[in-house]
Amino acid sequence: MTEEMDRKTEEEVIREEQTQTPDETQATAEQENQPAEEERELTTEEKLEQANEKIAELEDSLLRKIAEFDNYRKRTLKEKTELILNGGEKTVTAILPVLDDMERALKNMQKADNVAAVAEGVELIYKKFTDILSRQGVEAIATEQADFDVDLHEAIAQLPAPTDEMKGKVMDCTLRGYKMNDKVIRHAQVVVGV
């Protein structure tokens with residue numbers, strides 16, 4: 001029975017389509033298209049809304065990244081400042097025992113009768129101090145019989161060389177130079193033979 005009803009409704013639809021004029025057919029098609037166009041507009045609006053949401057998310061993310069980078073920059077600047085201010089702390093701490101030894105030596109010099117013992121004490125303090133500096137990466141620049149090198153030496157005077165072998169070589173050192181971790185921190189002041 002339901003099949004018969006379905007057939008009747010199908011037959012009625014077919015008859016109606018056949019009886020419709022071309023104008024009515026076009027009007028029916030336009031009515032069917034109108035809801036589809038409205039749906040497209042809604043879809044476009046939804047897409048616009050989604051795009052705006054995505055833009056808002058990206059703006060928020062960008063602001064967070066900018067704030068995070070600004071905090072990083074401030075933190076590293078603070079750490080760098082602290083490093084510059086307190087960078088020598090390790091070296092100063094290592095040198096303090098030498099200062100203590102010098103103070104004891106000065107007190108003993110006033111009471112001491114034996115000059116050789118005082119000289120020996122000062123020599124021990126000097127060795128201790130040079131050991132501490134070498135552990136910090138500081139080393140003296142060699143000048144004795146060395147070729148003059150503008151990267152290591154500063155010529156303060158030129159004297160006639162006594163022999164041809166001494167030309168262009170360091171004849172005397174007036175102020176010792178030092179390197180720290182292979183970087184010159186003070187040039188040696190030297191007299192050069194010409």
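These numbers were taken from a predicted model, which means no experiment stands behind them.

S.K.: Whenever I open this one, helix α4 (residues 115–135) confuses me. Can you help?
M.R.: Because an α-helix packs 3.6 residues into every turn, residues spaced three or four apart end up facing the same way. When the terminal C-alpha atoms of α4 are compared, their 31 Å separation across 21 residues agrees well with the 30 Å that a helix rising 1.5 Å per residue should span. Here α4 has its buried residues at Ile125, Ile132 and Leu133. Across the axial projection of α4, the buried residues extend over an arc of 100°, all falling on one side. Exposed side of α4, more than 90 degrees from the buried face: Ala116, Glu120, Leu124 and Arg135 are the residues found there. One side-chain oxygen of the residue at the start of α4 lies 3.1 Å from the amide nitrogen of Ala116, identifying that residue as Asn114. Once α4 finishes, Gly137 follows within two positions and takes phi at roughly 95°, a positive value.

S.K.: It is not clear to me how the side chain of His153 should be interpreted in this structure. Could you clarify?
M.R.: One can find His153 in strand β2 (residues 153–159). By relative accessible area, His153 is classed as buried at 4%.

S.K.: For this particular structure, what's the right way to read the pattern of salt bridges?
M.R.: Note that side chains of opposite charge can pair when their charged atoms are close. Considering all chains together, one arrives at 8 salt bridges under this definition. Lys167 is the salt-bridge partner of Asp164, the closest N and O atoms lying 3.8 Å from each other. In this structure Lys167 comes out as partly exposed when scored by relative accessible area, which is 48%. The network of salt bridges with shared partners includes Asp70, Arg73 and Lys74.

S.K.: Please explain the sheet that holds strand β6 (residues 188–193) as it appears in this structure.
M.R.: Consider a sheet: its strands pair through backbone hydrogen bonds, and that pairing is either parallel or antiparallel. With respect to topology, 3 strands assemble into an open sheet ordered β2-β6-β3, the strand pairing being mixed. Two strands close off the open sheet at either side, each with one partner strand: β2 and β3 (170–175). Each strand of the sheet is rotated relative to its neighbour by a mean of 30°, with strand direction disregarded. The pairing of β3 with β6 spans 4 bridges and is classified as antiparallel. Considered in β6, the bridge of Leu175 is made with Gln189.

Scoring rules and cut-offs
Residues numbered from 1 in each chain as written. Predicted model: local features only at pLDDT ≥ 70, side-chain atom pairs only at ≥ 80, totals over all residues. Heavy atoms only, no water. Helix = DSSP H or I, 4+ residues; strand = E, 2+ residues; numbered from the N terminus. Expected span 1.5 Å × (residues − 1). Buried < 20%, exposed > 50% of the residue type's maximum accessible area, 1.4 Å probe, protein only. Arc of directions from axis to C-beta. Polar contact = N/O pair within 3.5 Å; in protein donor to acceptor, adjacent residues only side chain to side chain. Salt bridge = Lys/Arg side-chain N within 4 Å of Asp/Glu carboxyl O. Pairing = 2+ DSSP bridges. Axes fitted to C-alpha atoms, helices over the stretch in contact; angles between N-to-C directions.

Note that all results are geometric; they support no functional claim without further evidence.
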